[in-house]
Amino acid sequence: MLGLKKLKYKKVFARIINTFMSLPPVVVGLVVALMISRRGPLGYLELLFTPVAMIIAQTLLVTPIITGIIFNNSKERGQIIKQVCKTLGGDRFDTLLLLIKEMRIDILIAVVTGFGRAISEVGAVMIVGGNIRGHTRVMTSFIVMNHSMGNYSTSIAMGIVLLIISFITNSILYNYMAGD
Amino acid sequence: MDIRIKDIVKKYDGKTVLNVENLCLSKGKIYGIIGPNGSGKSTLLKIIAGLEESTKGKILYNNQMLSKVIMKKMTYVSQNPYLFRTTVFKNIAYPLKIRGIDKEFTYKSVKKIMEEFEIDNLQNQLATSLSGGESQKVVLARALIFNPQLLLLDEPTANIDPNTIELIERTIVKINREKNITIFIVTHNVGQARRICDEVIFLKNGTVIEQGKTEDVILKPKNSETKKFLSLEYHMS
């Protein structure tokens, strides 16, 4: 809906979103870690080195990407859809439903891109998660750790598992899009 | 639906693109707007459709200001038709669906209008895979399915083959006569205006230069600007 509204600071919003789309993960990790560390403003929540902290960092990284892609695509096509719905007698709710339905492929592409960013992320999750075995260790941080230890075959094996998961997820989503 | 346009002015970045003092459209007639590119034809149509706001002036629809109720009684078809990513049937049924019309009535209505536009063979086809002419027929069928009182058409037959143009024109006139719909059509084609319009409005630089019965304006234009435009149009066609 932001892409369709005539807002005063829409250009500023677009620039912020576009900047946030290319946020360096380590910077996000660092900021989140500083916020939730014991001396940080959210330190009392005791989230550092927990899966919740990793989810927060990943959300901060992925949300601008998904929002940005949908925002940029909705600026042009969204206006046309909104206009058609209005001329056929649709109200705001009808317009919103139609927009979601008509832009489902754009939304799906944004989600796939966000998923790709999340699954390949290592910097931020290592900073806020701490790579604790059985607790906050993820596949990417496992690969980095094993590589630094010289366990190349283990790293490669985990890399293949990661690739297979990514391939299966993308195949399911793109299969849905192709059948649309 | 009767339309009264009073002192409509539209400005873009301080520049006046439309300045229509007085224009009355009577119920049940087909009006054509002709004029060169940039004369404000599409802008006027969009303002009437409620898609753009005028800088000044007002428009009365059956002596009422534009409201949600009025918006539900009229429709606008742009020169670049947009079809939903679904079947032809669902595209045409959409206006009835959002009005909460039951499925049986919707099915019968869609079937009937598809037959009128000779697109009943396309019922289950994906609308986005249609040709230009077929798309335009679907867009018009979708616009007419809910029996609007006012139909605003922005060059509905641009880039379409003569057979489809003939069918669309015939259907527009038929629906106008049967259902008494007021139709306002922007066209570059003077021949088309002559074939289907009851009255013609010649617009240039955002101003109404000449208005009257189709035969009078096209065959016996009074204004030199209209004469010049028409002679050029005839020469080109």
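Above this text is the structure in question.
Residues take numbers from 1 onward in each chain, read along the sequence in its written order. Each chain gets a letter, beginning with A, and each ligand a number, beginning with 1, in the order they are written. Note on the predicted model: pLDDT of at least 70 is required for a residue's local features to be given, and 80 or more for side-chain atom pairs to be given and counted; whole-chain, interface and lining totals, by contrast, use all residues.

## Concerning the overall build of chain A
Consideration 1: Think of it this way: any DSSP run of H or I at least four residues long counts as a helix, any run of E at least two long counts as a strand, and we number them from the N terminus. Secondary structure assignment for chain A yields 8 helices and 0 strands.
Consideration 2: The secondary structure elements of chain A, listed N-terminal to C-terminal, are α-α-α-α-α-α-α-α.
Consideration 3: Compactness check: chain A gives a C-alpha radius of gyration of 20 Å against a globular reference of 16 Å for 180 residues, more than 25% above the reference.
Consideration 4: Its C-alpha atoms give chain A principal-axis dimensions of roughly 65 × 45 × 25 Å.
Consideration 5: In chain A, buried positions account for 26% of the 180 residues. The globule rule used here is 2.2 Å times the number of residues to the 0.38 power, and the radius of gyration it is set against is calculated over C-alpha atoms. Exposure criterion: with C-beta atoms placed from backbone coordinates, a residue whose C-beta has 20 or more other C-beta atoms within 10 Å is buried, one with 12 or fewer is exposed, and one in between is partly exposed.

## What about unusual backbone geometry?
Residue and element names in this part refer to chain A.
Consideration 1: Phi angles above zero are rare outside glycine, and Phe49 is one such case at about 65°.
Consideration 2: Checked against the element boundaries, Phe49 lands in the loop between helix H2 (25–36) and helix H3 (51–87).
Consideration 3: Of the residues examined, Phe49 has 18 C-beta atoms within 10 Å and is grouped as partly exposed.
Consideration 4: The phi torsion at Asn131 lies on the positive side, around 55°, for a residue other than glycine.
Consideration 5: Summarising the element assignment, Asn131 is placed in the loop between helix H6 (123–129) and helix H7 (139–148).
Consideration 6: Judged by the 18 C-beta atoms lying within 10 Å of it, Asn131 falls in the partly exposed class.

## Observations regarding the pairing of strand E3 (residues 30–34) of chain B
Residues and elements named next belong to chain B.
Consideration 1: For E3, the tally of buried residues reaches 5 of 5 residues, placing the bulk of the element in the interior.
Consideration 2: Neither face of E3 is open: one carries Ile30, Gly32 and Ile34, the other Tyr31 and Ile33, and all of them are buried.
Consideration 3: Here the rule is simple: two strands pair whenever DSSP picks up at least two bridges between them. For E3 and strand E7 (residues 182–186), the ladder comprises 4 bridges, and the chain directions are parallel. Across the sheet, residue Tyr31 finds its bridge partner in E7, namely Phe184.
Consideration 4: The sheet contact formed by E3 and strand E8 (residues 199–204) spans 4 bridges and is parallel. By the bridge assignment, Ile33 is partnered in E8 with Ile201.

## Concerning the packing of helix H1 (residues 10–21) of chain A against H3 of chain A
All names here are of chain A.
Consideration 1: Only the contacting stretch of a helix is used when fitting its axis, a line to C-alpha atoms as for every element, and angles between N-to-C directions run 0 to 180 degrees. Between H1 and H3, the least distance of the axes is 8 Å, while the angle of their chain directions is 130°. Judged by the angle between their axes, H1 and H3 are oblique. Note on packing geometry: the crossing formed by H1 with H3 is left-handed. Note on element contacts: H3 touches H1 through Pro64, Ile65, Thr67, Gly68 and Phe71, opposite Ala14, Ile17, Asn18, Phe20 and Met21.
Consideration 2: Partitioning the contact of H1 with H3 into residue classes produces 7 nonpolar, 3 polar and no charged. Roughly parallel here means an angle under 35 degrees, roughly antiparallel means over 145, roughly perpendicular means 65 to 115, and every remaining angle is called oblique. By the definition used in this description, the sense in which the near helix is turned from the far one sets the handedness, with an anticlockwise turn below a right angle giving left-handed and a clockwise turn giving right-handed. By definition, residue pairs are in contact when their C-beta atoms, positioned from the backbone, come within 7 Å. Only Asp, Glu, Lys and Arg are considered charged, only Ala, Val, Leu, Ile, Met, Phe, Trp, Tyr, Cys and Pro nonpolar, and every remaining residue, Gly among them, polar.

## Concerning the pairing of strand E1 (residues 3–12) of chain B
All names here are of chain B.
Consideration 1: Judged from the 9 bridges that link them, E1 and strand E2 (residues 15–25) form a sheet pairing that is antiparallel. Of the residues in E2, the one forming a bridge with Ile3 is Leu25.
Consideration 2: Connecting E1 to the next strand, E2, in antiparallel fashion are 2 residues, including Asp13 with a positive phi near 50°.
Consideration 3: Note: E1 against strand E4 (residues 56–61), 5 bridges, orientation antiparallel. Counterpart to Val9 in the pairing with E4 is Lys56.

## Topic: the sheet that holds strand E5 (residues 74–77) of chain B
Residue and element names in this part refer to chain B.
Consideration 1: Taken in spatial order, the 6 strands make up an open sheet running E5-E6-E7-E3-E8-E9, and their pairing is mixed. Each of the sheet's edge strands pairs with one partner strand only, and the pair in question is E5 and strand E9 (207–213). Averaged over all pairs of adjacent strands, the angle between their axes in this sheet comes to 15°, without regard to strand direction.
Consideration 2: Of the pairings in the sheet, the one linking E5 to strand E6 (residues 150–154) comprises 4 bridges and is parallel in character. When the sheet's bridge partners are listed, Tyr76 is paired in E6 with Leu152.

## Details of the packing of H2 of chain A against H3 of chain A
All names here are of chain A.
Consideration 1: At a closest axis distance of 10 Å, the pairing of H2 and H3 adopts a crossing angle of 135°. It follows from the interaxial angle that H2 and H3 lie oblique. In terms of crossing hand, the pair formed by H2 and H3 is right-handed. Together, Pro25, Val28, Gly29, Val32 and Ile36 of H2 and Ala53, Ile56, Ala57, Leu60 and Leu61 of H3 make up the contact between the two elements.
Consideration 2: Class assignment for the residues of the contact of H2 with H3 results in 9 nonpolar, 1 polar and no charged.

## A closer look at the interface of chain A and chain B
Consideration 1: Contacts between the two partners involve 11 residues from chain A, matched on the other side by 14 residues from chain B.
Consideration 2: Elements with a minimum of two residues in the side of chain A that touches chain B: H3 and helix H4 (92–102) of chain A.
Consideration 3: Among the elements that line the side of chain A that touches chain B, the one with the most residues is H3 of chain A, at 5 residues.
Consideration 4: When its residues are assigned to classes, the side of chain A that touches chain B shows 3 nonpolar, 4 polar and 4 charged.

## Details of the nonpolar core
Consideration 1: When buried Ala, Val, Leu, Ile, Met, Phe, Trp, Tyr and Cys residues are joined through C-beta atoms within 7 Å, the set is termed a nonpolar core. Among the nonpolar cores identified, the biggest contains 74 residues, and Ile48, Ile92, Val138, Ala141, Leu152 and Ile183 of chain B are the most heavily contacted of them.
Consideration 2: Excluding residues within four positions of it along the chain, Val138 of chain B makes contact with Leu83, Val88, Asn91, Ile92, Ile119, Ala127 and Leu130 of chain B.
Consideration 3: Judged by nonpolar contacts, the second largest core, of 15 residues, contains Val32, Ala53, Ala57 and Met126 of chain A.

## Section: the sheet that holds E1 of chain B
Whenever strands of a sheet pair, they do so through backbone hydrogen bonds, lying parallel or antiparallel.
Residues and elements named next belong to chain B.
Consideration 1: With antiparallel pairing, 3 strands are arranged side by side in an open sheet as E2-E1-E4. Here the strands that pair on one side only, and so sit at the sheet edges, are E2 and E4. Recorded for the sheet is a direction-independent mean angle of 20° between the axes of neighbouring strands.

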